[in-house]
Amino acid sequence: MARYDLSEMEWRLIEPLLPNKPRGVPRVDDRRVLNGIFYVLRTGSPWRDLPGRYGPHTTVYNRFNRWAKAGVWVRVFEALAAGAPASMHLIDSSIVRAHQHAAGGKKGGADHAIGRSRGGLSTKINALVDQDGLPLRVTLSPGQASDKAAVEALIDGLPPAAALVADRGYDARAIIDLVRSRGGCAHIPTQRDRKVQRSIDPAIYRRRNAVERYFCKLKHFRRIATRFDKLARNFLAAVLLASTRIRLRTYESTT
């Protein structure tokens, strides 16, 4: 088995979540195609440079693109994340540079979550993870966007957690009230220039490194560490697939 290929256990978990095709011409082997997609995500290789053992690169790319458009990768991610413990949620964001090939969209076109921050053209990955550092929700925004603007989308629809932990970049009365209205407690340090400082539990706040470790693992996938996809839909699909692989490998290592 090649270095980046799915193990037997990983494949057993992900295979039932893929679309069925009961009639018509059978699809090219799903496992081989998925292995090709993960090879590109991990190495950052252009699709056309995909090794021959994964089949034609057009087949692998077209499957990735078509299923991204159909929402398949989102559903796979959400299915594997369902049932995760909800005692603690941790939120953070990370900026990735957008390659020039990703930034060539037409002016006035759809918003593809590429903006201009201090480091140039970039995209911000906003993530919410559980207490084990495994992702539950991921969204994209332009690099210059405020972290606070992503919070509602990150927690919407998830089972409320007893504690939500984030750094002081998320300090806002609206966020504190939103978490409280869901029955939780926000452990977010107060901005240093505030006259009234809010106290937080240091032991709980130290758990925030779980989300930082998630981003570290995520950026081992070179096609995530630098954005090459023009479409936000496809880049989000790549992030969710990489996040799915992180969850699968964690499950495999603990069983």
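You'll find the structure just up there.
So, here's what we can say about the structure.

Reading the values: the criteria
- Residue positions are given per chain, counted from 1 along the sequence in the order it is written.
- Given that this is a predicted model, residues contribute local features only at a pLDDT of at least 70 and side-chain atom pairs are listed and counted only at 80 or more, while totals for whole chains, interfaces and linings are drawn from all residues.
- Neither water nor hydrogens contribute to the side-chain values; these are computed over all heavy atoms in the structure.
- Each residue is assigned to one of three classes by its accessible area relative to the maximum for its type, calculated with a 1.4 Å probe on protein chains only: buried under 20%, partly exposed between the two thresholds, exposed over 50%.
- Under the DSSP-based scheme used, a helix requires at least four consecutive residues in state H or I and a strand at least two consecutive residues in state E, with every element numbered from the N terminus.
- The arc in question is traced by the directions running from the helix axis to the C-beta atoms.
- Aromatic contacts are taken between Phe, Tyr and Trp rings whose centres are within 6.5 Å, Trp giving its six-membered ring; a plane angle under 30 degrees counts as stacked, one over 60 as edge-to-face, and the others as tilted.
- The term nonpolar core refers to a set of buried residues drawn from Ala, Val, Leu, Ile, Met, Phe, Trp, Tyr and Cys, joined through side-chain atoms within 4.5 Å.
- Any pair of residues with heavy atoms lying within 4.5 Å of one another is described as a contacting pair.
- Note: two strands are recorded as paired if DSSP finds a minimum of 2 bridges between them.
- Criterion for a salt bridge: a side-chain nitrogen of Lys or Arg within 4 Å of a carboxyl oxygen of Asp or Glu.

In an α-helix, one full turn covers 3.6 residues, which means residues spaced three or four apart are oriented alike. What helix α6 (residues 173–181) keeps buried is the set Ile-175, Ile-176 and Val-179. Axial view of α6: buried residues confined to an arc of 100°, hence all on one face. Of the residues in α6, the exposed ones pointing more than 90 degrees away from the buried face are Arg-173, Ala-174, Arg-180 and Ser-181. Residue Gly-183 follows α6 closely and has a positive phi angle near 85°.

Once that is clear, we can look at the packing of aromatic side chains. Counted under the stated rule, the structure contains six aromatic pairs. Note on Tyr-39 and Tyr-54: the rings are 5.6 Å apart at their centroids and 40° apart in plane angle, and the pair reads as tilted. Placement of the pair is Tyr-39 in helix α2 (residues 30–43) and Tyr-54 in the loop between α2 and α3 (57–70), with a sequence separation of 15 residues. Residue class for Tyr-39 comes out buried when judged on its relative accessible area of 15%. Overall, the relative accessible area of 2% leaves Tyr-54 in the buried class. Ring geometry for Trp-67 versus Trp-73: centroids 5.4 Å apart, planes at 55°, classification tilted. In this structure Trp-73 comes out as buried when scored by relative accessible area, which is 2%. Taken together, the aromatic side chains of Tyr-4, Tyr-39 and Tyr-54 make up a single cluster linked through ring pairs.

Counting residues in hydrophobic clusters, the biggest one holds 52 residues, and the most contacted among them are Ile-37, Trp-73, Ile-125, Tyr-214 and Leu-218. Counting residues per element, this core draws most heavily on helix α10 (residues 232–253), which supplies 10 residues. Among residues more than four places away in sequence, those in contact with Tyr-214 are Ala-127, Val-129, Gly-133, Pro-135, Val-138, Val-239, Ser-243 and Ile-246. Ala-84, Ala-172, Ile-175 and Ile-176 belong to the second largest nonpolar core, which has 19 residues in total.

With that settled, consider the pairing of strand β4 (residues 135–142). Counting buried residues along β4, eight of its eight residues qualify, which places the element largely inside the surrounding structure. Judged from the seven bridges that link them, strand β3 (residues 120–129) and β4 form a sheet pairing that is antiparallel. Looking across to β4, one finds that Ala-127 is bridged to Val-138. Remark: five residues form the turn of the hairpin made by β3 and β4, two consecutive strands paired antiparallel; Gly-133 in that turn has positive phi of roughly 80°.

One pass over the structure, following the stated rule, counts 11 salt bridges. A salt bridge links Asp-30 to Arg-63; the shortest N-O distance between them is 2.6 Å. Taken as a pair, Asp-30 in helix α2 and Arg-63 in helix α3 lie far apart in primary sequence, 33 residues in all. A single burial state applies to Asp-30 and to Arg-63, both of which are buried.

By themselves these figures say nothing about function.
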